[in-house]
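Now for the letters of each chain:
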Amino acid sequence: MHRTHTCGDIDVSLVNSKVLVSGWVVSIREMGKVNFIILRDRYGEVQVVFENKKPDFSLGYVVKVEGTVKKRPPEGVNPRMKSGEVEIYAESWEILNKSRPLPFLPEDDIDVFEETRLKHRIVDLRRPKMQRNFILRHEIILFIRNYMSSLGFLELETPILTKSTPEGARDFIVPSRIHKGKFYALPQSPQLYKQILMAAGFDKYFQIARCFRDEDLRADRQPEFTQLDVEMSFVSDIEDILKTIEPLIIEIFNRFANANLSSPLPRLSYLECMDMYGSDKPDLRYSIRFLDWTERFKGRGINIVDRVLENGGKVKVLRVPVKLSRGQIDKLLDDYKFMFARIENGKPSGNLAKFLNEEEIRENEGNTIFLFAGKGLNFLETLGDFRDRICKEFLKPEREWSALWVKDFPLFQWNEEEKRIEPAHHIFTSPYEEDMIYIKRLKESLVEQDEEGLKEISLKIRGKQYDLVINGVELGSGSIRVHNPELQKELLRIIGLSDEQIQERFGFLINSLEMGAPPHGGIALGIDRIVAMCAGENSIREVILFPKSTSGMALFENAPSEVDKSQLDELGICIKT
RNA sequence: GGGGACGUAGUUCAGCCUGGUUAGAACGCCGGCCUGUCACGCCGGAGGUCGCGGGUUCAAAUCCCGUCGUCCCCGCCA
């Protein structure tokens with residue numbers, strides 16, 4: 001027998017009981033005739049006393065100790081420890097396994113390079129903080145499973161070895177031994193399968209799905225990641241999905257992060273978002289937003305503004321409720337072009353000061369006003385960058401959590417480098433019925449190769465798409481799908497695929513749509529990001545057991561690695577050098 | 001693909017700018033002392049491919065070139 005109790009079980013209720021515990025030695029304090037160690041397991045820590053005995057332990061050893069639980073003397077109580085009122089008086093012990101000296105101690109406050117942590121991940125994972133993160137991850141996923149199941153969703157497993165569909169991200173590919181020269185691909189997401197499952201009549205599907213994308217990494221991006229994948233049938237309206245999923249999201253964040261979110265979450269259209277925040281994932285913990293002062297500033301005599309307005313541009317103003325120093329503003333001017341005014345004691349200063357009227361001065365006491373003039377999407381995105389920077393550098397969030405839905409994204413966007421139309425989200429998103437007329441015009445522009453027309457019209461077609469944004473981070477995205485095979489083919493043609501390519505790449509989807517696919521839609525939520533956020537972590541690597549490094553290396557097991565020549569021969573592959 | 005930061009003992013760092021004894025510190029490790037520690041304390045000891053390769057030099061951790069790795073950002077990615 002190895003234990004009667006876990007380390008976390010030991011408390012005052014066990015005083016005078018005989019216990020047997022096993023765990024890792026995480027602290028040794030030898031005083032001569034009396035020696036102390038701290039024993040830890042997943043459930044907690046407990047102090048063991050060796051009186052007139054000295055065990056041959058080192059940090060990291062796995063040991064078993066039998067003894068009696070005693071109350072500590074009053075001066076020996078450790079209030080920072082959960083079991084700090086008691087300790088185990090060791091009577092016998094055994095070393096279950098030795099440990100060579102650890103590269104670092106498995107404590108929460110370590111100061112170690114992430115490279116070292118990842119190389120010795122098991123030591124890293126022993127840290128209580130990491131254990132908490134993965135317990136939280138388990139609890140969130142369990143909660144999701146129970147929740148979805150209670151709503152009648154079925155968890156169905158879709159293939160990992162799938163077909164390469166080179167739209168979107170780069171695929172990881174897997175060579176086929178039996179069919180030399182052919183390849184499977186790992187799924188970027190179960191997108192096509194889940195739509196097919198709707199055609200198959202499963203009605204409500206979900207999956208905690210692993211997804212793979214062969215793109216460069218970031219702090220919040222890994223080549224393999226986990227999403228909650230959801231799809232449901234007989235929905236045509238965005239609200240059908242949002243109303244189903246929103247309570248789940250709110251409950252996750254309220255339960256696991258004390259977020260205090262409440263239904264309904266705000267819903268903003270993509271255009272509203274860009275207009276007010278310059279971003280399609282605004283951080284609404286900060287309330288500042290851009291005001292449109294185009295009409296107000298027409299003909300006030302500001303040359304730059306007049307010139308931009310002649311070109312059909314707009315005047316956007318951000319009122320920041322703090323007074324920035326001249327130095328701070330100069331630093332911003334290094335990166336952005338704007339006019340500004342600071343209003344203090346009724347007196348405006350700055351190059352915008354003399355153009356403000358009485359009312360504007362009165363309304364902005366104590367504020368710093370930034371004025372931008374420009375045109376187009378790039379202009380708005382720059383404003384969004386600016387707002388982010390102001391918030392980060394000069395403002396405090398007004399609330400801890402903010403969640404919203406952003407919806408009605410443009411279905412297409414113009415790819416300037418490749419001079420073609422591409423899907424903004426993915427090509428299976430349904431357009432709004434009332435925007436269908438533009439699809440016809442888009443086709444005409446394609447035939448005429450009218451680039452300006454394509455740019456203009458492509459922005460007018462709104463897709464039934466929605467993103468979930470929390471604290472400025474996109475946590476999920478979904479859409480009502482196209483269930484009409486003819487329309488689906490039409491959309492694929494618009495992004496430049498020939499009928500042959502459509503048949504070869506998406507034939508299995510089209511076939512499914514042709515055999516009675518119900519109207520359907522769904523969403524996918526990033527589990528790693530959700531868990532990281534609930535855990536208060538900035539990087540999803542803190543909630544992934546064995547994450548890859550920035551260059552895609554698995555530092556613990558050292559992958560990717562070379563394979564035997566015989567393995568390559570079997571696959572009919574030779575390596576170019 | 002591009003930009004920035006970092007790489008010296010098991011770990012985290014100092015030393016590098018301004019080249020020159022035996023490359024230091026803290027924690028960890030090993031040995032010893034200590035009956036109430038919890039960052040225990042005290043004494044002693046072991047431990048180094050200064051990421052790797054090349055160059056400059058009488059001499060390189062230090063200067064130069066290249067390369068590899070890690071982290072952050074842009075591109076890319078929903």
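Residues numbered from 1 in each chain as written. Chains lettered and ligands numbered in written order. Predicted model: local features only at pLDDT ≥ 70, side-chain atom pairs only at ≥ 80, totals over all residues. Heavy atoms only, no water.

Asks: Sorry if this is basic, but what is going on with the domain arrangement of chain A here?
Replies: The accessible area lost on association of the parts is a frequent measure of interface size. By domain assignment, chain A separates into domain 1 (7-97), domain 2 (131-267 + 405-543) and domain 3 (286-396). Centre-to-centre, using C-alpha coordinates, domain 2 lies 37 Å away from domain 3. (Domains from an automatic or database assignment.)

Asks: I would appreciate a short explanation of the layout of surface pockets in the present structure.
Replies: Empty space left among the atoms is revealed by rolling a probe the size of a water molecule over them. Reported here for the second largest pocket is a volume of approximately 770 Å³. If you go around the second largest pocket, you meet 26 residues; those closest to its centre are Phe172, Ile173, Ala559, Pro560 and Ser561. Elements that contribute at least two residues to the lining of the second largest pocket include exactly β7 (173-175) and α17 (565-571). Tallied by class, the residues present in the lining of the second largest pocket amount to 15 nonpolar, four polar and seven charged. (1 Å grid on protein atoms, 1.4 Å probe; cavity = no way out; pocket = protein on both sides within 12 Å on 5 of 7 lines; lining within 4 Å. Points joined across faces, edges and corners; volume = space filled by probe spheres on them. Helix = DSSP H or I, 4+ residues; strand = E, 2+ residues; numbered from the N terminus. Nonpolar A, V, L, I, M, F, W, Y, C, P; charged D, E, K, R; others polar.)

Asks: Any chance you could explain the side chain of Asp528 here in plain terms?
Replies: On the secondary structure map, Asp528 appears in helix α16 (residues 527-535). Assessed through its relative accessible area of 3%, Asp528 is described here as buried. Here Thr226 takes part through its backbone nitrogen, which lies 2.7 Å from a polar atom of the side chain of Asp528. For Asp528, the residues in contact, after removing those within four places along its chain, are Arg137, Phe225, Thr226, Ile540, Val543 and Ile544. (Buried < 20%, exposed > 50% of the residue type's maximum accessible area, 1.4 Å probe, protein only. Polar contact = N/O pair within 3.5 Å; in protein donor to acceptor, adjacent residues only side chain to side chain. Contact = heavy atoms within 4.5 Å.)

Asks: Sorry if this is basic, but what is going on with the protein's contact with RNA strand B here?
Replies: RNA strand B sits among 47 residues. The nearest are Glu30, Gly76, Tyr89, Ser549 and Thr550. Backbone atoms, meaning sugar plus phosphate, form 54% of the atoms of RNA strand B positioned within 4 Å of the protein. For the surface near RNA strand B, the elements supplying multiple residues, two or more each, are β1 (18-30), β2 (34-41), β3 (44-51), β5 (86-97) and α1 (114-119). Ranked by residue count, the leading element in the surface near RNA strand B is α1, at three residues. In the surface near RNA strand B, the residues fall into 15 nonpolar, 15 polar and 17 charged. (Near = heavy atom within 4 Å.)

Asks: Could you clarify how one ought to interpret unusual backbone geometry in this entry?
Replies: Glycine aside, a negative phi is what most residues show, and trans is what most peptide bonds show. The omega torsion of the bond from Ser263 to Pro264 falls at -5°, within 30 degrees of zero and hence cis. Take Pro264: it is sitting in the loop between α5 (238-257) and β11 (267-269). The amide bond that connects Ala559 to the next residue, Pro560, takes the cis arrangement and shows omega of 0°. Mapped onto the elements, Pro560 comes out in the loop between α16 and α17. You will see that Asn260, though not glycine, has its phi angle at about 60°, which is positive. Residue placement: Asn260 occurs in the loop between α5 and β11. Despite not being glycine, Gln449 shows a phi value in the positive range, around 50°. By the element assignment, Gln449 lies in the loop between α12 (436-448) and α13 (451-460).

Asks: Looking at this structure, how should I read the confidence of the model for chain A?
Replies: Caution applies to low-pLDDT regions: their predicted coordinates should not be interpreted in detail. Residue-level pLDDT values for chain A average 93, and 100% of them are 70 or greater. The least confident element of chain A is α13, whose mean pLDDT is 82; the most confident is strand β6 (residues 154-155), at 98. Among the prediction metrics, the complex's ipTM stands at 0.92, with pTM recorded as 0.94. (pLDDT = per-residue confidence, 0-100.)

Asks: What am I meant to see in the sheet that holds β5 here?
Replies: The strands that make up a sheet are held in pairs by hydrogen bonds between backbone atoms, and each pair lies either parallel or antiparallel. Sheet architecture is closed into a barrel: five strands sit in the order β1-β2-β3-β5-β4, paired in mixed fashion. Strand-to-strand twist in this sheet, taken as the mean axis angle between neighbours without regard to direction, amounts to 55°. (Pairing = 2+ DSSP bridges. Axes fitted to C-alpha atoms, helices over the stretch in contact; angles between N-to-C directions.)

Asks: Quick question: what am I supposed to make of the side chain of Ser176 here?
Replies: Along the chain, Ser176 turns up in the loop between β7 and β8 (183-185). The buried category is assigned to Ser176, whose relative accessible area is 5%. There is a polar contact of 2.9 Å between the side chain of Ser176 and the backbone nitrogen of His179.

Asks: Is there a simple way to explain the packing of helix α14 (residues 485-494) against helix α15 (residues 499-514) in this structure?
Replies: Working note: a packed helix pair is described by the angle between its axes plus the distance between those axes. α15 packs onto α14 with a crossing angle of 155° between their chain directions and a minimal axis gap of 10 Å. Classed by the angle they form, the pair α14 and α15 counts as roughly antiparallel. Here α14 and α15 pass one another in a crossing that is right-handed. Every residue of α15 that contacts α14 at Pro485, Gln488, Lys489, Leu492 and Arg493 is listed here: Asp499, Ile502, Phe506, Leu509, Ile510, Leu513 and Glu514. (Parallel < 35°, antiparallel > 145°, perpendicular 65-115°, else oblique. Left-handed = near helix turned anticlockwise from the far one by under 90°.)

Asks: Sorry if this is basic, but what is going on with the nonpolar core here?
Replies: Counting residues in each nonpolar core, the largest one holds 48 residues, and the members touching the most others are Ile252 and Phe253. With near-sequence residues (within four places) excluded, Phe253 lies in contact with Asn258, Ala259, Leu261, Trp401, Ile470, Leu475, Ile530, Met533 and Cys534. Core analysis: the second largest hydrophobic core is formed by 32 residues, Met274, Phe340, Cys391 and Val406 among them. (Core = buried A, V, L, I, M, F, W, Y, C linked by side-chain atoms within 4.5 Å.)

Asks: What am I meant to see in α12 here?
Replies: Each turn of an α-helix holds 3.6 residues, which means side chains three or four residues apart point in the same direction. With 13 residues, α12 should cover 18 Å at 1.5 Å per step; its first-to-last C-alpha distance of 19 Å lies within 8% of that length. If you check which residues of α12 are buried, you get Tyr438, Ile439, Leu442 and Ser445. Taken end-on, α12 shows its buried residues confined to a sector of 120°, consistent with a single buried face. With respect to the buried face of α12, the exposed residues turned more than 90 degrees away are Ile437, Lys440, Val447 and Glu448. Where the residues of α12 are buried, they touch β18 (412-415), β19 (420-423), α13 and α14. Where α12 terminates, the next one or two residues include Gln449, which has phi positive at roughly 50°. (Expected span 1.5 Å × (residues − 1). Arc of directions from axis to C-beta.)

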